[in-house]
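One-letter residues, chain by chain:
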Amino acid sequence: MTVEIICVGTELLLGNIVNTNAAFLAEKCAALGLSSYFQVVVGDNRERLVQTIRTAMERADIVLLSGGLGPTGDDLTKEAAAEAFGRRLVEDETSRRQIEAYFAQRGITPTENNWKQALIPEGAKAIPNRNGTAPGIIMEENGKYAILLPGPPGELKPMFTDSVVPYLRTLEDEVIESVTVKVVDIGESRAETMVSDLMENQSNPTIAPYAKTGEVHFRITARAAGSKEAQELIAPVAEELKNRFGSHIYTMEEDVTLEKAVADLLAEKKWTIATAESCTGGLLAARLVNVPGVSEVFHAGFITYADEAKQNLIGVKEETLKQYGAVSSKTAEEMAVGAAKAAGADAAVSITGIAGPDGGTKDKPVGLVYIGCYVDGKVRVEEYHFTGSRLKIRESVVAAALVLLRNSIIAQ
């Protein structure tokens, strides 16, 4: 089956909000084995939205819409969908009760326009929203499906995962299963070349590569009559990827991130960690803190942007900074050792570099970064050269730091 994604909101067209919903939905649909050929962003205009929905229904089996289900006058998605399907809006009693309960639990008196959210197109099915007030909606006609989801990611993501995914699985006779093999420390081009023979001859299952910052993911997807049969098709392909990439694979679990894998390694060793960051300004610590339960291993994060902070907080020597400079291998080494000592941690990662766009020189250009890793009494420093915008460089540095930390732990 094919799917088309429509994201609704003038704020998306203006660039006021980053369209993360499209990326999330596209990735999840790919994991379900659904083919997608178009994504559309349309503003809060009923006439254009109706036409967009009709066009999408002509070229896709399933249309996913996000946004425009709220209580305000510019929330027009379900009105447009009802018009596109030729249906009137009717109140869904269950949705009204859920909206009442939502406000009652918070001691808030709802305004009259909130009851608009309880209206759904006639014959449609409401999807409960456990994290907000606007229910999702499923509409079906002549073997075509329109699924309307709220715009806030905190509402859309759990609704899609908990309610829409199981529903989509019922639409096809075959079961679609997938496994994601996540690889680090190998570039995208080389990684794809290493499996090119498998990809050239694939049919079922299929292998699809996805480049991430500092990572390459390979999604293995199989279709079969049942889940067991699909997993049996996936297993030998996954095993072959394990043979080819070895320890460069950090997980084959969909929900495990690189920072979670690193945190798990630290927990297995019963080690604690600290971070000392200059040009990344806390991004590494933030990624680690994203991991639930990381408090067991994460002791402290130091943001030592100024030379004085490097000296006063983590003990970098003044003579080191004078002789080698803040962006140097020696400074990164002392930052890592000093952070571990200051936090009383078993391991530490340090980052110092030039993220740009200014500040570079001939000897130390923009993108030059030193990452230090102190693990169980041993320190290792690597030099990197990154390109791109300031944000891209900083994000790439953090990914490289996590990879270096992972490699250093495994080497022990």
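Residue indices begin from 1 for each chain and proceed along its sequence in written order. With pLDDT at 70 or above as the cut-off, local features in this predicted model cover only qualifying residues; side-chain atom pairs require 80 or more to be listed or tallied, and sums for whole chains, interfaces and linings still use all residues. By convention in this description, side-chain values take in all heavy atoms of the structure and omit both hydrogens and water.

Draft legend 1. Region of interest: the sheet that holds strand E6 (residues 125-127). Criterion used throughout: strands pair if DSSP finds at least two bridges between them. Only DSSP runs of H or I reaching four residues or more are called helices, and only runs of E reaching two or more are called strands; each is numbered from the N terminus. Judged by pairing direction, the sheet is mixed, and its 6 strands sit side by side in the order E2-E1-E3-E8-E7-E6 without closing on themselves. Pairing within the sheet leaves two strands with one partner each, and these edge strands are strand E2 (35-42) and E6. Sheet twist, expressed as the average angle between the axes of neighbouring strands with direction ignored, equals 20°. Two residues form a contact once any of their heavy atoms are found within 4.5 Å. Axis lines are fitted through C-alpha atoms, for helices just across the contact stretch, and the angle between N-to-C directions can take any value from 0 to 180 degrees. Here helix H6 (residues 153-169) sits on the sheet in contact with strand E3 (62-66), E6, strand E7 (136-141) and strand E8 (144-149), set at roughly 160° to E8.

Draft legend 2. Structural view of the nonpolar core. With 38 residues, the main nonpolar core has Val349, Ile351, Ile371 and Leu405 as its most contacted residues. Those elements giving two or more residues to this core turn out to be helix H10 (258-269), helix H11 (283-289), strand E15 (347-353), strand E16 (368-375) and helix H15 (390-411). Considering each element in turn, this core owes the most residues, 10 residues, to H15. Those residues in contact with Val349 that sit more than four places away from it in its chain are Ile273, Ala274, Thr275, Ala276, Leu284, Ile371, Gly372, Cys373, Ala401 and Leu405. Here the nonpolar core consists of buried residues drawn from Ala, Val, Leu, Ile, Met, Phe, Trp, Tyr and Cys, with membership extended through side-chain atoms lying within 4.5 Å. Categorising residues by exposure relies on relative accessible area from a 1.4 Å probe, with only protein chains included: less than 20% of the type maximum marks a residue as buried, more than 50% marks it as exposed, and the intermediate range marks it as partly exposed. Core analysis: the second largest hydrophobic core is formed by 25 residues, Ala22, Leu25, Ile62 and Val164 among them.

Draft legend 3. Region of interest: the side chain of Ser408. Within the secondary structure, Ser408 sits in helix H15. Residue classification places Ser408 among the buried residues on the basis of a relative accessible area of 6%. Residue contacts for Ser408: discarding those within four places in its chain leaves Cys373, Val375 and Arg380.

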